[in-house]
Protein chains: 2
Amino acid sequence: MITSPSSVRRSERSRRAILRSALDLCTERGYGHVTIEAIAADAGVSKKTIYRWWPSKGAVLLEAFTDALIDATPFTDTGDIGADLRSHVAGAVKLLSVPPFGPAYAGILSELHHDDLLAQQLREQLVDPRVEEAIGRLRSAQDQGQIPPGADLPLAVEMLYGPVYYRHVLRKPVQDEETIATLVDHVLRSLRAPGY
Amino acid sequence: MITSPSSVRRSERSRRAILRSALDLCTERGYGHVTIEAIAADAGVSKKTIYRWWPSKGAVLLEAFTDALIDATPFTDTGDIGADLRSHVAGAVKLLSVPPFGPAYAGILSELHHDDLLAQQLREQLVDPRVEEAIGRLRSAQDQGQIPPGADLPLAVEMLYGPVYYRHVLRKPVQDEETIATLVDHVLRSLRAPGY
DNA sequence: ACGACACGACACGGTACGTTCCGTTTCCGC
DNA sequence: GCGGAAACGGAACGTACCGTGTCGTGTCGT
């Protein structure tokens, strides 16, 4: 997220205040009212300072959101791939269901279509690593014989996350635990069943 | 989409010019540069006229996009549910892959998080009806014995469309026909396979 | 100690917003 | 036909936020 003047002289105080204000404003007034000027005012910081370290408000919120997501959606390995996927997806869904993180991520996604750099950063810093972790967990289930050897694991990840994104973007009411369990079951079934 | 002054005196000429200009500008300069002012200037129309009939530029493009999508993604019934779903999803993916429709829909989706009315209109006028059609086609396949009686059809639709939205929003390279076929196969398998 | 540099502050031009006013054109009802 | 309501195009308004530039202050590394 840090863009240019790689320096140790950066004010950690300002950095924290900016990230915190960005999330706070997102909770209080919604992503649309989070502007660089509002963040600067709330954090007691100059706009210049924000622009020095982040290219856009989306990048600021991406940094803040990434930390929260990583904490909320660990990849456990209890030996039961179904249970592990359920708790993982449930963590993501739960995080997205509460301000400021749900609105923040919706806002970040909304910027991607006109902000190539942000889209690249989101994929490289958040999505791709998480997808790789998910594939790793599925591969481990393969080794334990819970998933057939030839299964299309990348597709499985997209079938898991696809509906989560679909509902979040379209702002349909969030999934409950049972819906998530059904989804996970279906994805695992699709890997196990023979082609037709 | 028509919001208020229900009247037959509306200028059809202006309406068409506005929708056309919105799509043209989207092709030429990208969704971000489609502004109400730009549409008005390009269409030779007053801003007031646009605001009189549509609440936002997203609503204008939703109206233009909806027409195109309905034409591009018919629900056929050849008796082969797999083939019909493949061609249906392929139609949607193909439409999203070309300007102005891909960028236009990405732009529309990007407005949902801060525009409750647009989100409601998108669901009511585009998403929900199409989902119902898809469920109807799946139900017909059920009657023909291609899908088990107890299958979760709404979930199946989300598993089909989820990855399409996921990739479109994250701006991953679009799916080719083979990927789509694999996705459809997996979804159908997940409905047929026994619970685990 | 000193110089480089991040900092807060403030001001700038630019763009698009959504609204209002005005004068013109179109079309329905009488 | 004719009168009037209403939609129309055009122009201008104040507001908000953008991203950048400037300036003086303070602090940290050398």
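An unreviewed UniProt entry lists chain A under the name TetR/AcrR family transcriptional regulator, from Streptomyces durocortorensis.

(A) Highlighting the overall build of chain A. In terms of regular secondary structure, chain A is built from 9 helices and 0 strands. Going from the N terminus to the C terminus, chain A shows its helices and strands as α-α-α-α-α-α-α-α-α. Projected onto its principal axes, the C-alpha positions of chain A cover 60 × 35 × 30 Å. Long-range contacts, defined here as pairs at least 24 residues apart, represent 65% of the contacts in chain A between residues at least 6 apart.

(B) Spatial organisation of the protein's contact with DNA strand C. Around DNA strand C sit 24 residues in total, of which Ser7(A), Ser11(A), Ser46(A), Thr49(A) and Thr35(B) are the nearest. For the surface near DNA strand C, the secondary structure elements donating two or more residues are α3 (47–53) of chain A together with α2 (36–43) and α3 (47–53) of chain B. In terms of residue count, the dominant contributor to the surface near DNA strand C is α3(A) (4 residues). Here the residues of the surface near DNA strand C are counted per class, giving 5 nonpolar, 9 polar and 10 charged.

(C) Local environment of the interface of chain A and chain B. Contact residues are listed per partner, giving 38 residues for chain A and 38 residues for chain B. If you list the elements that add at least two residues to the side of chain A that touches chain B, you get α6 (101–111), α7 (116–143), α8 (153–170) and α9 (177–192) of chain A. When the residues that make up the side of chain A that touches chain B are grouped by side-chain class, the tally is 20 nonpolar, 11 polar and 7 charged.

(D) Up close: the relation of the copies chain A and chain B. Rotating chain A by 180 degrees and translating it 0.0 Å along the rotation axis places it on chain B, where the RMSD comes to 0.1 Å. Considering both components of the superposition, the chain copies are consistent with a two-fold axis. The residues that chain A uses at the interface reappear at the interface of chain B in 100% of cases, marking a shared surface.

(E) Region of interest: the domain arrangement of chain A. All names here are of chain A. When the domains of chain A are assigned, the result is domain 1 (12–53) and domain 2 (60–192). For domain 1 and domain 2, the distance between their C-alpha centres works out to 28 Å. Each side of the interface is counted separately: domain 1 has 10 residues, and domain 2 has 10 residues. Of the residues forming the side of domain 1 that touches domain 2, the biggest block, 6 residues, is contributed by helix α1 (residues 12–29). Counted by class, the side of domain 1 that touches domain 2 contains 8 nonpolar, 2 polar and no charged residues.

(F) Examining the confidence of the model for chain A more closely. The predicted model of chain A averages 92 in pLDDT, with 96% of residues at 70 or higher. Within chain A, α8(A) carries the highest mean pLDDT (97), whereas helix α4 (residues 57–72) of chain A carries the lowest (91).

(G) Up close: the nonpolar core. Core analysis: the largest hydrophobic core is formed by 106 residues, its most contacted members being Ala22(A), Val60(A), Ala22(B) and Val60(B). In contact with Ala22(B), other than residues within four places in its own chain, are Val34(B), Ile39(B), Val60(B), Leu61(B) and Ala64(B).

(H) Seen up close, the packing of helix α4 (residues 57–72) of chain B against helix α7 (residues 116–143) of chain B. Residue and element names in this part refer to chain B. Running from amino to carboxyl end, α4 crosses α7 at an angle of 15 degrees, the nearest separation of the two axes being 11 Å. The orientation of α4 with respect to α7, classified from their angle, is roughly parallel. Here α4 and α7 pass one another in a crossing that is right-handed. In contact with Gly-58, Ala-59, Leu-62, Thr-66 and Leu-69 of α4, α7 contributes Leu-118, Gln-121, Leu-122, Gln-125 and Leu-126. Along the lines of polarity and charge, the residues of the contact of α4 with α7 split into 6 nonpolar, 4 polar and no charged.

Criteria and cut-off values
Residues numbered from 1 in each chain as written. Chains lettered and ligands numbered in written order. Predicted model: local features only at pLDDT ≥ 70, side-chain atom pairs only at ≥ 80, totals over all residues. Helix = DSSP H or I, 4+ residues; strand = E, 2+ residues; numbered from the N terminus. Contact = placed C-beta atoms within 7 Å. Near = placed C-beta within 6 Å. Nonpolar A, V, L, I, M, F, W, Y, C, P; charged D, E, K, R; others polar. Least-squares fit on C-alpha atoms with pLDDT ≥ 70 in both. Domains from an automatic or database assignment. pLDDT = per-residue confidence, 0-100. Core = buried A, V, L, I, M, F, W, Y, C linked by C-beta atoms within 7 Å. Buried ≥ 20, exposed ≤ 12 C-beta atoms within 10 Å, placed from the backbone. Axes fitted to C-alpha atoms, helices over the stretch in contact; angles between N-to-C directions. Parallel < 35°, antiparallel > 145°, perpendicular 65-115°, else oblique. Left-handed = near helix turned anticlockwise from the far one by under 90°.

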